[in-house]
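Structural overview
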Amino acid sequence: MAGGASAAGPSVRIVVAGDAKTGKSSLILTAATDAFPPNVPPVLPPTRLPDDIYPDKVPVTIIDTSSSPENRGKLVEELKKADAVVLTYACDKPATLDRLSTFWLPELRRLEVRVPVVVVGCMLDKRDEQYPVSLEQVMSPIMQQFREIETCIECSALRHIQIPEVFYYAQKAVLHPTAPLFDQEAQTLKPRCVRALKRIFILCDLDRDGALSDEELNDFQVKCFNAPLQPSEIVGVKRVVQEKLHEGVNERGLTLTGFLFLHALFIEKGRLETTWTVLRKFGYNNEIRLSEDQLPPPIKRHPDQASFVELTNDALDFLRRIFFTFDIDGNGALRSNELDDLFSTAPENPWSEGPYKDAAEKDALGGLSVDSFLSEWALMTLLDPIYSVENLIYIGYAGEPSSAIRVTRRRRIDRKKKQSDRNVYQCFVFGPKEAGKSAILNSFIGRPFPEEYQSTSDDQCAVNVVDLGGLKKFLVLREIPEDGVKRLLSSKDALADCDVAIFVHDSSSETSWKRSADLLVDVATHGEATGYEVPCQIVAAKDDLDAYLTEIQDSTRVSQDLGIEAPIPISTKLGDFSNLFRRIVNAAEHPHLSIPETEAGRSRKQYHRLINRSLMFVSVGAAVAVVGLAAYRVYAARKNSSS
């Protein structure tokens, strides 16, 4: 619910709005007391309907509002807290009906009140019966323009005509909304609803024969509705489907096509609660995504574990099996159509947009190898572990959700042990413009060297497997644009999820080198100040070009001054990387090495050593004094006793 969910359970908050004297308060009082009120106050206090008035037995609170200008602030406040809005007009006053489309409905959009709307014509008894009006004819153009209108109804509080129905439809629109399930214009199930129902169908098709047998159909009915189907009812269901859709039933039972047809039929007949009951039994919320209680709880991590979450062996084994299940042509790669099929039971393909789109290596036909497939999952788990687990469940992971991921130990402990035990590492790629950062990322995932320079303004990621003599590790390269470094380092935890950083410069440009060296010092200084020091490496790119005169001398001197490895010369154009990616992983695996130390950092350490030494001398001196005093007391005691 938009604003009605609570710790005690769901509730529905319905706000009644509309022009003055359109019957708002009379409508509410009649619904609450089952009697027409002779005297009605200007605005009612919040009114609670009996919990058992409707089948769902969900508490309903109705909020009356005033349309007067002086109460404008209160009206806006209530509308923004609504789960549903009832908009009223007077059946005997056409101007109040016109005001719905000229003021009230546009105003709800302007206020960004995105909840179901029920339009109610009140005082039906006052309309001149000599001039009958078709509600459908009047409301059809308005409903075409304002899709948020769930339903329209006319009522009379005086004659008690359709009063309970008003709030039943409003409650139903909240608990069983149409919009997520059904496209009214196309008269079809919406894609996300189809994908969820497909997943449910597969989960219920226990023998995996592509159809629900009578026994499987009965098990489904019991799970969702706590009541078995009689044999005659099963026959009846299948007959209805087969009469309308021949392929909806085969010799094995109800097919997926038939299953989807049944739900479309329920919705068209206004029985949305049937489909919603099924979806909720299988853990879906109103957005047709898995609800929070189906997913692992928020992960508690220390700052230096900011992104140290990775898939467990159980999850990786499951993904390997899934890969080969959906590799229909058996060519060792998942093409786009096979990948779409794999994610057809998820709300959407999670890799269709950045940062996952094009982040892993693809073959000439755009297919993902098993290593690239697992790399994409490693990246998603690194950046958004709960989202990763959610998608694992959508595609069939049946284990405990929390068994799919593990939080690795803190980097501080890794340093003490002088070894990391993780399988996924993240490398930040720094450097000035045109230094060759993007070319490194592209080469890492097998893209050809571009002939023309293309500027990068946003963070980009590339992920692949690095083979360390038979032991495979996942490496994520994250490019940090030069313009984004200052913004990145404005956060104390900027380097918390960085395992290793490389600083790329164009070895043929002195300006490029100086800017890269400045970035290295900035990052090293930030690490020393915050406690998030990271191993760093200097990369001399464009080694195929003539280096500027003192490039080797300058970069070597800086690396020695900072106490890190000598610069690594590479040429992406020639495909010469000097084992760069292995060296990056090696640096990440030994987080106590290759950490730069600036002059300020050395001075700070020396200062702390002097302070500690002084404290040690003070504590030693104090200990000597205490021992001396004790010795004197012993001596004095002996002297007194002898005298």
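All values derive from a computational prediction rather than experimental measurement. (Residues numbered from 1 in each chain as written. Predicted model: local features only at pLDDT ≥ 70, side-chain atom pairs only at ≥ 80, totals over all residues. Heavy atoms only, no water.)

**Regarding the UniProt feature "domain: EF-hand" (unreviewed entry) in the chain**
Sites flagged by UniProt as "domain: EF-hand" (unreviewed entry) map to residues 314-349. Measuring from the first to the last C-alpha atom of residues 314-349 gives 22 Å, for a span that is 56% helix and 0% strand. (UniProt positions renumbered as here; feature names shortened; annotations may be inferred. Helix = DSSP H or I, 4+ residues; strand = E, 2+ residues; numbered from the N terminus.)

**Things to note about the side chain of asparagine 349**
In this structure, asparagine 349 sits in the loop between helix 12 (336-342) and helix 13 (370-383). Owing to a relative accessible area of 15%, asparagine 349 belongs among the buried residues under this scheme. A polar contact is formed between the side chain of asparagine 349 and the backbone nitrogen of tryptophan 351, at a distance of 2.9 Å. Filtering out sequence-adjacent residues up to four positions away, asparagine 349 remains in contact with Arg195, Leu339, Asp340 and Phe343. (Buried < 20%, exposed > 50% of the residue type's maximum accessible area, 1.4 Å probe, protein only. Polar contact = N/O pair within 3.5 Å; in protein donor to acceptor, adjacent residues only side chain to side chain. Contact = heavy atoms within 4.5 Å.)

**Describing the sheet that holds strand 10 (residues 249-250)**
Spatially, three strands are ordered 9-11-10 in an open sheet, and the strand pairing comes out antiparallel. Two strands lie at the open edges of the sheet, namely strand 9 (211-212) and strand 10, each paired on one side alone. With two bridges joining them, strand 10 and strand 11 (residues 253-255) adopt antiparallel strand pairing. The partner of asparagine 250 across the bridge, within strand 11, is glycine 253. Here helix 9 (residues 256-268) sits on the sheet and contacts strand 9 and strand 11; the angle it forms with strand 11, its principal contact strand, is near 75 degrees. (Pairing = 2+ DSSP bridges. Axes fitted to C-alpha atoms, helices over the stretch in contact; angles between N-to-C directions.)

**Regarding the packing of helix 2 (residues 72-80) against helix 3 (residues 94-110)**
At a minimum axis distance of 11 Å, the contact between helix 2 and helix 3 shows a crossing angle of 65 degrees. On the basis of their axis angle, the class for helix 2 and helix 3 is roughly perpendicular. Like other packed secondary-structure pairs, helix 2 and helix 3 cross with a definite hand, here right-handed. Facing helix 2, whose interface residues are Arg72, Leu75 and Leu79, helix 3 presents Phe103, Trp104, Glu107, Leu108 and Arg110. Its residues assigned to classes, the contact of helix 2 with helix 3 comprises five nonpolar, no polar and three charged. (Parallel < 35°, antiparallel > 145°, perpendicular 65-115°, else oblique. Left-handed = near helix turned anticlockwise from the far one by under 90°. Nonpolar A, V, L, I, M, F, W, Y, C, P; charged D, E, K, R; others polar.)

**What to know about helix 18 (residues 510-530)**
End to end, helix 18 covers 30 Å across 21 residues, agreeing with the expected 30 Å (1.5 Å per residue, within 8%). For helix 18, the complete set of buried residues consists of Ser512, Trp513, Ser516, Ala517, Leu519, Leu520, Val523, Ala524, His526, Gly527 and Glu528. Looking one or two residues past helix 18, glycine 531 carries a phi angle of roughly 85 degrees, positive in sign. (Expected span 1.5 Å × (residues − 1).)

**Thoughts on the pairing of strand 6 (residues 149-154)**
In terms of residue burial, strand 6 counts as a mostly covered element, since five of its six residues are buried. As defined by bridge partners, strand 5 (residues 117-122) adjoins strand 6 across five bridges and the pair is classed as parallel. From the neighbouring strand, valine 119 faces strand 6, where its bridge partner is cysteine 152.

**Looking at the state of the cysteines**
The full count for this structure, using the stated rule, is zero disulfides. We note that cysteine 498 lacks a disulfide partner, and the nearest cysteine sulfur, in cysteine 427, lies 6.6 Å from it. Exposure remark for cysteine 498: the relative accessible area of 0% places this residue in the buried category. (Disulfide = S-S within 2.5 Å.)

**Considering the nonpolar core**
Formed by 76 residues in total, the largest nonpolar core has its most connected members in Ile200, Phe373 and Trp377. Top element by residues in this core is helix 9. It accounts for eight residues. When neighbours within four sequence positions are excluded, phenylalanine 373 is seen to be in contact with Leu319, Ile322, Phe323, Leu334, Leu339, Leu342, Trp351 and Leu368. By size, the runner-up hydrophobic cluster in this structure holds 29 residues, among which are Val12, Ile14, Val16 and Ala31. (Core = buried A, V, L, I, M, F, W, Y, C linked by side-chain atoms within 4.5 Å.)

**Section: the pattern of salt bridges**
In the structure shown here, the tally under the stated rule is 32 salt bridges. Its salt-bridge partner being lysine 81, residue glutamate 77 comes within 3.8 Å of it at the nearest N-O pair. With a shortest N-O distance of 2.7 Å, glutamate 348 and arginine 192 are connected by a salt bridge. Taken together, the positions of glutamate 348 in the loop between helix 12 and helix 13 and arginine 192 in helix 6 (residues 191-204) put the pair 156 residues apart, joining distant regions of the chain. When salt bridges with common partners are traced through the structure, they connect Arg192, Arg289, Glu348 and Glu390 into a single cluster. (Salt bridge = Lys/Arg side-chain N within 4 Å of Asp/Glu carboxyl O.)

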